[in-house]
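Observations on the model geometry
So you can see what is in the structure, the chains are spelled out below.
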Amino acid sequence: MLNMLLVEDNLRLQEGLKTGLEATGAVTVTGTCVAGEEALACCLDGPPPDAILMDVALAGEMNGIEAAVAIRREFPRLPVVFYSIQDDDAYFRAFRRAGILSHYAYVRKSNYLLPAMIVPLLLDAVSGRSFVDPEIEARVQEVRHRDAHDPMALLEPNEQIVAQMLAQGLTNEQIAARLGFPATSAPSAAPTARFTPPGAWWTALPTRRSPARGPPSSWGADGWSSGTTRGRQPYSTNAANGSPRIGASKIGRLTDDRLDRAGLGLDRRFAI
């Protein structure tokens, strides 16, 4: 006779399974639970069962797979039969990551409706064998393949958080504030563009000109101001790696004269 713990949050189904399994004469249901936390406590507080019939979606914070992992951490290779109707990717992902290799079965309720079909699964799990319903296996592999080709999977966890914030439309300053980084520069204003008729050039606003601007000969060859003399914007380097660093409030700008010489009616402010 197999002593079994039944973990099922649907009370009507729980009662039907208990009655049907005990009617086979091969199983004695020694306890029933509706949550994973309750199942873990039941195993810790008394003699562990010979096997567990575990629903995947449960009433508590833990799902059935997380509960089984927690239980098997205390009782290695305790036989578990996952019995579920859920088709959510999260459950298949959790099952794949759980690393359960033996003494288990994972089947769909719809394919194993009769208690007499469940008993062989329990006995096989007790014997150390494993079985996965072909439909479940197909879904697990589908989720695995999708995850393996997910661009977000290439990013570190913190990078994924930043990418999600960018997708929400947050600015660099807002993202830095949410992540707890101190502000190192003035917030950058989003430029607005105005379209002008053919023959003219577009203008990007807003614009702020330096009140003390030196002659064009004092500017760098690339049009960016350098140094700290009058008429030039301060330029500094990153102390960590020596790379150029320009504060948001001290951004170098292309000058009107250079733009005029290039034939562009363009007045633009660059912001980082």
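A brief report on the enclosed structure follows. (Residues numbered from 1 in each chain as written. Predicted model: local features only at pLDDT ≥ 70, side-chain atom pairs only at ≥ 80, totals over all residues. Heavy atoms only, no water.)

Moving on to the overall build of the chain. On a plain count of helices and strands, the chain comes out with nine helices and 10 strands. The contacts in the chain between residues at least 6 apart in sequence include a share of 64% that link residues at least 24 apart. Total accessible area on the chain stands at roughly 15,900 Å², and carbon and sulfur atoms take up 56% of it. (Helix = DSSP H or I, 4+ residues; strand = E, 2+ residues; numbered from the N terminus. Contact = heavy atoms within 4.5 Å. Areas by Shrake-Rupley, 256 points an atom, 1.4 Å probe, with all protein chains shown as cover.)

Counting buried positions along strand β4 (residues 80-84) gives five out of five residues, so the element sits mostly inside the fold. Of the two faces of β4, both are covered, the one formed by Val 80, Phe 82 and Ser 84 as well as the one formed by Val 81 and Tyr 83. Pairing analysis gives three bridges linking strand β3 (residues 51-54) to β4, with the strands arranged parallel. If you follow Leu 53 over to β4, its bridge partner there is Val 81. Since β3 and β4 lie parallel, the crossover through helix α3 (residues 64-74) that links them has a hand, and here it is right-handed. In terms of strand pairing, β4 meets strand β5 (residues 104-108) through five bridges, oriented parallel. By the bridge assignment, Phe 82 is partnered in β5 with Tyr 106. (Buried < 20%, exposed > 50% of the residue type's maximum accessible area, 1.4 Å probe, protein only. Pairing = 2+ DSSP bridges. Right-handed = clockwise from strand over helix to strand, strands pointing away.)

The next thing to look at is the state of the cysteines. Scanning the model with the defined rule gives zero disulfides in all. With no disulfide of its own, Cys 42 has Cys 33 as its nearest cysteine by sulfur position, at a separation of 4.7 Å. Since its relative accessible area comes to 35%, Cys 42 is described here as partly exposed. (Disulfide = S-S within 2.5 Å.)

Moving on, we get to the side chain of Glu 8. Topologically, Glu 8 is positioned in the loop between β1 (2-7) and α1 (11-23). Judged by relative accessible area, Glu 8 falls into the buried class, the value being 2%. At 2.9 Å, the side chain of Glu 8 forms a polar contact with the backbone nitrogen of Asn 10. With sequence-adjacent residues up to four places away left out, Glu 8 is seen in contact with Leu 13, Gln 14, Cys 33, Val 34, Asp 55 and Lys 109. (Polar contact = N/O pair within 3.5 Å; in protein donor to acceptor, adjacent residues only side chain to side chain.)

A word on the pairing of β5. The element β5 is extensively covered by neighbouring structure, given that five of its five residues are classed as buried. Taking every second residue as pointing to the same face, both faces of β5 are buried, with Tyr 104, Tyr 106 and Arg 108 on one and Ala 105 and Val 107 on the other. As for the winding sense of the linkage, the β-α-β connection from β4 through helix α4 (residues 89-98) to β5 is right-handed. In the sheet, β5 pairs with strand β6 (residues 130-132) via three bridges, with the strands oriented parallel. Bridging from a neighbouring strand, Ala 105 pairs with Phe 131 of β6. A crossover connection joins β5 to the parallel β6 through helix α5 (residues 115-126); in handedness this β-α-β unit is left-handed.

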